[in-house]
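Here's the letter readout for the chains.
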Amino acid sequence: MADLRTNFAGIKSPNPFWLASAPPTDKAYNVIRAFQAGWGGVVWKTLGEDPPVVNVTSRYGAWHDGNRRVMGFNNIELITDRPLAINLREIKEVKRDWPDRALVVSLMVPCSEDSWKNILPLVEETGADGIELNFGCPHGMSERGMGAAVGQVPEYVEMVTRWCKQYTRMPVIVKLTPNISNILGPARAAKAGGADAVSLINTINSIMSVNLDKMAPEPVVDGKGTHGGYCGPAVKPIALNMVAEIARTLDTRGMPISGIGGITTWRDAAEFMALGSGSVQVCTAAMVYGFKIVEDMIDGLSNWMDSQGYATLDDFVGKAVPNVTDWQYLNINHDLKARINQDLCISCGRCHIVCEDTSHQAITKEKDGKRYFDVVDADCVGCNLCMIACPVPECITMEAVDTDRPYANWTTHPNNPMAKVAAE
Amino acid sequence: MKDLVDITAGRLSPGVLAENFGDAHPPLTPAQALVEADRCLFCYDAPCITACPTGIDIPSFIRKIGTGNLKGSATDILSANIMGGMCARVCPTEILCEQACVRNTYEDKAVQIGALQRRATDWLFDQGVQIFTRAPLTGKRVAVVGGGPAGLSAAHKLATLGHDVTVYEGRAKLGGLNEYGIAAYKTPHDFAQQEIDYILAIGGITVVTDWMLGRDGSLDDLAKGFDAVFLGLGLTGVNALNAPGEELPGVENAVDFIAKLRQTADLTGLPIGRRVVVIGGGNTAIDAATQAKRLGAEDVTLVYRRGVETMTATPVEQDWAQTNGVKIKHWAKPVKVEAVNGAASGITFEYTTLKGGAVTGTGETFTLAADQIFKAIGQTYAAPEFSGLALEKGRIQVDAERRTSLPKVWAGGDCVAGGQDLTVASVEDGKQAALSIHATLTA
């Protein structure tokens with residue numbers, strides 16, 4: 001049985017599965033239910049200064065796939081709408097009753113030194129394990145100069161992080177917004193400010209859908225709507241990339257990362273961890289299925305680790321990072337060809353038509369006058385499109401073919417006008 | 001009516017027989033299992049769990065199939081029901097978990113829970129992964145009488161809790177009805193014994209076969225020699241037709257026919273009548289009739305004395321028999337077995353009707369030609385009397401923890417009153433009794 005114990009920037013938890021700062025962690029009732037269900041930690045929903053914010057109705061929008069699974073989700077909720085004192089009291093009680101779980105408090109106050117200086121001792125007094133700076137919330141709060149409005153300006157990120165390190169002994173996690181052109185800017189700023197860790201991604205600016213009867217964005221609030229924070233399985237690829245960028249870049253490498261973004265299963269979590277995340281945070285999956293999903297996350301990750309011979313999380317965290325590289329270093333002489341397993345093929349013809357219409361005309365449609373789909377190796381560029389379009393798992397696979405050419409990349413290719421080594 | 005009784009072996013070729021007695025419901029492929037798992041809604045306080053006598057956490061095990069955590073999935077199943085593999089094959093899911101599935105309400109089509117359960121448990125058995133360990137040994141010893149689903153379930157749970165168990169079984173092989181009483185095509189490839197091997201692999205279970213309570217030892221001796229006793233005796237008696245001629249050659253108990261078929265290595269050597277009549281309305285009747293047809297009988301008729309609504313065979317089982325060419329006749333009761341040359345040649349029935357709630361003959365009769373007649377009108381509790389062991393409605397009386405009226409003696413499975421006569425219910429009895437025994441022995 002693999003050891004899932006986690007030590008993230010000095011914050012310990014029995015497993016790496018934390019609930020992200022969001023509606024599921026807004027009050028003691030929910031958090032206690034989460035701990036009872038087995039979650040390793042929570043990031044308490046963001047606290048702010050009194051008087052508390054107010055929220056509107058309605059608040060959430062979603063994109064369902066054909067089987068009504070929630071693939072994307074967005075919300076226009078703000079930070080906690082409960083008084084600060086109540087949250088602080090509950091945090092203290094929950095931490096006292098659940099000492100083995102990670103309890104991190106998310107914070108968002110105006111961008112002034114006094115605001116941060118005043119709230120930090122109050123949080124520290126609860127015995128919480130750490131704080132997470134909400135520099136990511138993309139709606140509402142950003143209009144008031146907080147959340148993403150701070151996270152999008154690296155200088156602010158660094159400044160606030162520095163204040164927090166100055167006024168508290170607690171580990172400081174900086175939560176990064178993806179609503180920025182290069183994630184490394186704020187990540188570097190967090191590091192420069194002395195952050196103990198970063199967490200990412202926060203939600204993405206989005207309009208979930210448009211209600212064509214009301215001619216307004218969903219969720220509709222009395223005839224109008226606004227952009228909200230996008231999350232759920234659909235954002236995972238964006239998050240993985242940003243996590244990888246921080247994990248592999250020389251000056252941000254090694255900073256503890258708490259991975260967030262569409263994590264629904266143990267496998268999703270393992271992917272974030274392989275790219276360097278020391279813990280993971282979940283919200284949408286819990287909001288769609290309830291807290292019980294953590295059982296499979298724990299059990300599944302543990303069974304997978306056993307099957308791979310990984311005894312502890314450290315054995316595989318970051319293991320995929322060395323294999324994330326720039327395009328220019330990919331082996332230009334590597335070649336793949338599609339292979340169609342005729343025993344599995346159901347003859348839908350999708351592989352043929354997508355290749356024929358949109359790619360390289362490398363899949364034929366008949367043989368001896370009968371419907372039959374096969375790959376023309378000479379024309380196949382190994383792009384994966386047919387495999388992706390195929391509805392049958394494992395029916396189309398990609399097979400590496402020997403090109404008799406050694407590793408070579410773009411940096412030395414003769415077609416590259418900026419080739420580092422002149423072509424002979 | 002023919003003069004010569006026609007009961008012959010080898011009506012069908014070996015190839016056809018192999019096909020007829022192979023897997024009647026082949027397992028889901030991994031791809032099919034993923035698609036099906038995706039249909040589970042992961043309900044809160046899921047109705048399917050409540051409908052499962054062993055309370056398997058069905059949404060969890062299905063979710064784990066979806067995420068590729070097959071070991072976790074099988075663990076969820078087997079920790080609630082150690083015979084989850086057999087139950088995946090033989091449970092009447094249409095009246096249990098799948099009947100409760102909320103997808104029925106939504107789209108009139110339940111998630112195929114049984115088939116998914118088989119996917120996970122087959123995976124585990126194929127991998128040969130042992131997921132159970134024994135708790136530190138307690139030094140306590142428990143006797144289990146009867147190596148059927150109830151007894152083996154009790155034995156396994158007791159062994160995991162650290163007790164040493166001796167299982168006494170009257171037949172040559174363990175398994176009870178799993179080995180002797182279920183249609184061959186429901187559990188081909190010797191699955192019953194494969195499952196038993198897995199159960200025994202936990203260790204701490206000693207098996208004694210060909211040992212009959214009363215003949216080879218008394219309940220008193222067991223109660224003295226062990227810290228606790230579990231009785232999983234099953235139902236060893238068979239109801240009689242009470243019709244003249246039922247002792248004639250050619251008239252047989254359906255359970256004996258089913259057992260013989262299961263234990264026959266070469267089905268080409270197993271004789272079957274050309275025209276077969278089965279009497280009864282339960283799953284044993286269905287299994288006998290359908291297997292007779294699949295062995296090569298030309299005409300098989302199942303006759304039940306009441307209407308379709310009171311048949312204990314589920315509608316799915318009835319459909320299965322009819323799809324296999326079995327004719328089902330309702331509202332007729334046997335009155336006389338006809339004979340030619342001292343052997344059964346047919347059977348005469350009287351039509352029946354309900355009068356004041358009782359099944360009553362109408363006086364009108366008909367006769368079916370039959371070379372072979374199988375009786376499947378119910379099994380009875382037929383163990384010897386034990387002093388102080390209270391019975392209720394002809395079976396052993398137990399409380400909610402499966403304690404009998406005797407101290408140190410628990411019971412479960414078909415031999416106890418109020419049972420559902422299902423493998424899955426017997427497994428639950430054995431599990432609950434084991435937990436109660438454990439609580440008592442460690443108190």
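Calculation criteria
Residues numbered from 1 in each chain as written. Chains lettered and ligands numbered in written order. Predicted model: local features only at pLDDT ≥ 70, side-chain atom pairs only at ≥ 80, totals over all residues. Heavy atoms only, no water. Helix = DSSP H or I, 4+ residues; strand = E, 2+ residues; numbered from the N terminus. Rg over C-alpha atoms; globule rule 2.2 N^0.38 Å. Contact = heavy atoms within 4.5 Å. Areas by Shrake-Rupley, 256 points an atom, 1.4 Å probe, with all protein chains shown as cover. Lys, Arg positive; Asp, Glu negative; His and termini not counted. Charge placed at Lys NZ, Arg CZ, Asp CG, Glu CD. Buried < 20%, exposed > 50% of the residue type's maximum accessible area, 1.4 Å probe, protein only. Buried area = accessible area lost by both parts, 1.4 Å probe. Salt bridge = Lys/Arg side-chain N within 4 Å of Asp/Glu carboxyl O. Polar contact = N/O pair within 3.5 Å; in protein donor to acceptor, adjacent residues only side chain to side chain. Pairing = 2+ DSSP bridges. Axes fitted to C-alpha atoms, helices over the stretch in contact; angles between N-to-C directions. Core = buried A, V, L, I, M, F, W, Y, C linked by side-chain atoms within 4.5 Å.

Secondary structure assignment for chain B yields 17 helices and 19 strands. In terms of overall size, chain B behaves like a compact globule, its C-alpha atoms giving a radius of gyration of 23 Å where 443 residues would be expected to give roughly 22 Å. Along the three orthogonal principal directions, the C-alpha set of chain B runs to about 70 × 55 × 50 Å. A separation threshold of at least 6 residues defines the contact pool for chain B, and within that pool the share at least 24 residues apart is 71%. For chain B, the accessible area works out to roughly 18,100 Å², and carbon and sulfur atoms hold 51% of it. Averaging the positions of the 40 positive and the 49 negative side-chain charges in chain B gives two centres separated by 1 Å.

This part covers the overall build of chain A. Helix and strand content of chain A: 12 helices and 20 strands. In terms of C-alpha radius of gyration, chain A reaches 24 Å, essentially the compact-globule figure of 22 Å for 424 residues. Taking the principal axes of its C-alpha atoms as reference, chain A extends roughly 80 × 55 × 45 Å. For chain A, the proportion of its 424 residues judged to be buried stands at 51%. For chain A, contacts bridging at least 24 residues in sequence account for 70% of all contacts bridging at least 6. When the accessible area of chain A is evaluated, it comes to approximately 19,600 Å², of which 52% is carbon and sulfur surface. Counting 39 positive and 49 negative side-chain charges, chain A places the centres of these two groups 3 Å from one another.

Now for the interface of chain A and chain B. Across the boundary between the two partners, chain A contributes 16 residues, which contact 13 residues of chain B. Taking both sides of the interface into account, the surface hidden between chain A and chain B amounts to around 1,300 Å²; carbon and sulfur atoms contribute 41%. For chain A, the biggest contributors to the area lost against chain B are Arg69(A), Lys292(A) and Asp296(A); these three give 34% of the whole. Put simply, chain A and chain B have 3 salt bridges between them. Among the salt bridges present, the one from Lys292(A) reaches Asp57(B), with a minimum N-O distance of 2.5 Å. Seen at the junction of chain A and chain B, the total is 11 residue pairs in polar contact (both at pLDDT 80 or more). Counting residues per element, the ones that place at least two in the side of chain A that touches chain B are α8 (266-274) and α10 (294-308) of chain A.

Residue and element names in this part refer to chain A. With antiparallel pairing, 4 strands are arranged side by side in an open sheet as β5-β6-β14-β11. Only two strands of the sheet have a single partner each, and these edge strands are β5 (60-64) and β11 (204-206). In this sheet, adjacent strand axes meet at a mean angle of 35° when their direction is disregarded. When β11 meets strand β14 (residues 228-231), the two strands line up antiparallel, connected through 3 bridges. Directly across from Ser206, in β14, lies its bridge partner Gly228.

All names here are of chain A. Core analysis: the biggest nonpolar cluster contains 82 residues, and Trp39, Val174, Leu200 and Leu301 have the highest contact counts within it. If you tally residues by element for this core, the top one is helix α7 (residues 236-248), at 7 residues. Apart from residues no more than four positions distant in its own chain, Val174 is found in contact with Leu133, Phe135, Val157, Thr161, Ala190, Ala195, Ala197, Val198 and Ser199.

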